[in-house]
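Here is what each chain is made of, one letter per residue.
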Amino acid sequence: MLHRRSLVLTLGALPLFAVLRVDAQAAKKGIHVVAILGTEGLAGATDVLAAFRQEMYGLGYHEGANLTLQLRFAEGSFDRIPALAREVVELKPDAIVSVGTVTTTALQKLTNTIPIVMGNSPDPVAAGFVKTLARPGSNITGLSNLGTDTGTKHLGLLLAAVPGISRVAVLVNPGNPSNLRILSGIEVAAQSTGARILPVRATTPAEIDKAFDALAEQRADAVIVARDGLFFREERRIAALALARRLPSIAESGGFARAGGLLSYGVNNEDQFRRVARFVARILQGASPAELPIEQAMSFELLANERTSKALGLSLPQSYLLRVDRMLD
């Protein structure tokens, strides 16, 4: 029923002046306009958009009745984000959902009045988005995964999934300060396990291939992929390279396991965007983002790719399978 009533307007569907006219008409009719700006592709956002829509529906906001969504996705091309951010701001929506630190940065440069709800931010205070987590003090609020150390969790999950591995590579982007913290945390955690950590670095897609060549030279048994925008965009390539090298692999994004990586462990994005919807609803009801405390990620999920497990000749322990939230085929 919800999908039959959905009204989704994209830039490709209408020229900008037509979209602005539609939004002006929406305002007169009391229809709230909410924009969503993401770095990745629209096709890959289907599940989180469905969760967002469902939650908004439950909160009384129905597309085609009192809500219009404006969707802009960069399809992995980060150079498109500034232009898409300008388009979103020019629409003068009632609120903007920002999916990623890069999009929030672009939006922050363009508006300090339109409410912005972050889908996730590693450290919104350090990024300069908010003054404090408890009292943002700006037009930006939303969700953060600050203090969520998935890197050390990834190490434990790999060692439990594949008993006997001892040389674990960690793929990091040295241009991303958070990756260095992730690597340091993994190295400390490894001291009590006996595993040897092998850092490999990549800052471009071409360097990812070279990094996997280095893994082979160092005789790595498995690979952890640190959380980074480049690696997120290249997750299919990384999953394929890991499989080709017969390396069990783990990353934070659920899309990594879906793309052929052995495991993924990270924030449950569907739950995250249900919470984003609640932020948006409160803002539409008159709440100020400056006074809405930043919330921490709370729901995580472990995914395992059964086809990849078989291709690697692995049989995940039964006790481990009980921990898996979803087994992908």
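Residues numbered from 1 in each chain as written. Predicted model: local features only at pLDDT ≥ 70, side-chain atom pairs only at ≥ 80, totals over all residues. Heavy atoms only, no water.

A.B. asks: Give me the lowdown on the overall build of the protein, citing residues and values where you can.
C.D. replies: Within the protein, the secondary structure is distributed over 14 helices and 14 strands. Counting every position in the protein, which comprises 329 residues, the buried fraction comes to 50%. Partitioning the intrachain contacts of the protein with sequence separation of at least 6 by distance along the chain shows that 70% fall at a separation of at least 24. Summed over its atoms, the accessible surface of the protein is roughly 14,600 Å², and 52% of this surface lies on carbon and sulfur atoms. (Helix = DSSP H or I, 4+ residues; strand = E, 2+ residues; numbered from the N terminus. Buried < 20%, exposed > 50% of the residue type's maximum accessible area, 1.4 Å probe, protein only. Contact = heavy atoms within 4.5 Å. Areas by Shrake-Rupley, 256 points an atom, 1.4 Å probe, with all protein chains shown as cover.)

A.B. asks: How would you summarise unusual backbone geometry if you had to cite specific residues and measurements?
C.D. replies: Positive phi is not limited to glycine here, since Arg-219 has a value of about 55°. On the secondary structure map, Arg-219 appears in the loop between helix H8 (205-217) and strand E9 (222-225). A positive phi is found at Arg-246, a non-glycine position, where the angle reads about 60°. One can find Arg-246 in the loop between helix H10 (235-244) and strand E10 (249-251).

A.B. asks: Give me the sheet that holds E9: which residues, what numbers.
C.D. replies: In space, the seven strands of this open sheet follow the order E8-E7-E9-E10-E11-E13-E14, with mixed pairing throughout. Each end of this open sheet is capped by a strand with a single partner; those strands are strand E8 (196-201) and strand E14 (326-328). Sheet twist, expressed as the average angle between the axes of neighbouring strands with direction ignored, equals 20°. Here strand E13 (residues 300-305) runs beside E14; their pairing, made up of three bridges, is parallel. (Pairing = 2+ DSSP bridges. Axes fitted to C-alpha atoms, helices over the stretch in contact; angles between N-to-C directions.)

A.B. asks: Summarise the packing of aromatic side chains; cite the residues concerned and give the values.
C.D. replies: Counted by the stated rule, this structure contains one aromatic pair. Measuring from ring centre to ring centre gives 5.8 Å for Tyr-265 and Phe-300, while their planes differ by 15°; the resulting arrangement is stacked. With Tyr-265 in strand E11 (residues 263-267) and Phe-300 in strand E13, this residue pair connects regions lying 35 residues apart in the sequence. Exposure remark for Phe-300: the relative accessible area of 24% places this residue in the partly exposed category. The cationic tip of Lys-153 hangs over the ring face of Tyr-265; the distance from NZ or CZ to the ring centre is 5.7 Å. (Phe/Tyr/Trp six-rings, centres within 6.5 Å; stacked < 30°, edge-to-face > 60°. Lys NZ or Arg CZ within 6 Å of the ring centre and 35° of its normal.)

A.B. asks: Could you give an account of empty space enclosed by the protein, with specific residues and numbers?
C.D. replies: In total, this model carries one cavity of 30 Å³ or more according to the counting rule given. Volume-wise, the largest cavity comes out at about 30 Å³. If you trace the largest cavity, you find it lined by Thr-150, Gly-151, His-154, Ile-182, Val-225, Ala-226, Arg-227 and Glu-252. Ranked by residues supplied to the lining of the largest cavity, first place goes to helix H6 (residues 150-161) with three residues. (1 Å grid on protein atoms, 1.4 Å probe; cavity = no way out; pocket = protein on both sides within 12 Å on 5 of 7 lines; lining within 4 Å. Points joined across faces, edges and corners; volume = space filled by probe spheres on them.)

A.B. asks: Explain the pattern of salt bridges to me, and be specific about the residues and the numbers.
C.D. replies: All chains considered together, the criterion is met by 11 salt bridges. The partner of Glu-295 in a salt bridge is Arg-275, with the nearest N and O atoms 3.0 Å apart. Placement of the pair is Glu-295 in strand E12 (residues 295-296) and Arg-275 in helix H12 (residues 269-284), with a sequence separation of 20 residues. Residue class for Glu-295 comes out partly exposed when judged on its relative accessible area of 30%. Residue Arg-326 pairs with Glu-301 through a salt bridge whose shortest N-O separation is 3.1 Å. Here Arg-326 is found in strand E14, whereas its partner Glu-301 is found in strand E13, with 25 residues between them in sequence. Note on Arg-326: relative accessible area 31%, which makes it partly exposed. (Salt bridge = Lys/Arg side-chain N within 4 Å of Asp/Glu carboxyl O.)

A.B. asks: I'd like a description of the packing of H8 against H10, backed by residues and values.
C.D. replies: Close contact between H8 and H10 brings their axes to 11 Å; oriented N to C, the two are set at 15°. One finds that H8 runs roughly parallel with respect to H10. Our pair here, H8 against H10, has a crossing hand that is right-handed. The segment H8 lies against H10, with Pro-205, Ala-206, Ile-208, Asp-209 and Phe-212 engaging Arg-237, Ile-238, Leu-241 and Ala-242. (Parallel < 35°, antiparallel > 145°, perpendicular 65-115°, else oblique. Left-handed = near helix turned anticlockwise from the far one by under 90°.)

A.B. asks: Now, about the nonpolar core: what can you tell me, with residues and values included?
C.D. replies: Ranked by internal contacts, the top residues of the largest apolar core, which has 27 residues, are Leu-158, Val-168, Ile-197, Ile-224, Leu-263 and Tyr-320. Counting only elements with at least two residues in this core, the list comes to H6, strand E7 (167-172), helix H7 (177-190), E9, E11 and E13. Aside from chain neighbours lying at most four places away, what touches Leu-158 is Ile-165, Val-168, Ala-222, Val-223, Ile-224, Pro-248, Ser-249, Ile-250 and Leu-263. Listed in part, the 25 residues of the second largest apolar core include Ala-45, Met-56, Ala-95 and Phe-279. (Core = buried A, V, L, I, M, F, W, Y, C linked by side-chain atoms within 4.5 Å.)

A.B. asks: A description of the environment of Ser-315 should follow, citing residues and the corresponding values.
C.D. replies: Within the fold, Ser-315 resides in the loop between helix H13 (306-311) and helix H14 (318-321). Taking relative accessible area as the criterion, Ser-315 reaches 67% and is therefore assigned exposed. For the pair Ser-315 and Val-162, spaced 153 residues apart in the sequence, the C-alpha separation amounts to 8.5 Å.

A.B. asks: Describe the packing of H6 against H7, and please don't skip the residues or the numbers.
C.D. replies: Two elements in contact, H6 and H7, have axes whose closest approach is 8 Å; the angle formed by their N-to-C orientations is 45°. As far as their axial angle goes, H7 and H6 are oblique. Here H6 and H7 pass one another in a crossing that is right-handed. In this structure, H6 contributes Gly-151, Thr-152 and Leu-155 to the contact, and H7 contributes Ile-182, Gly-185, Ile-186, Ala-189 and Ala-190. Along the lines of polarity and charge, the residues of the contact of H6 with H7 split into five nonpolar, three polar and no charged. (Nonpolar A, V, L, I, M, F, W, Y, C, P; charged D, E, K, R; others polar.)

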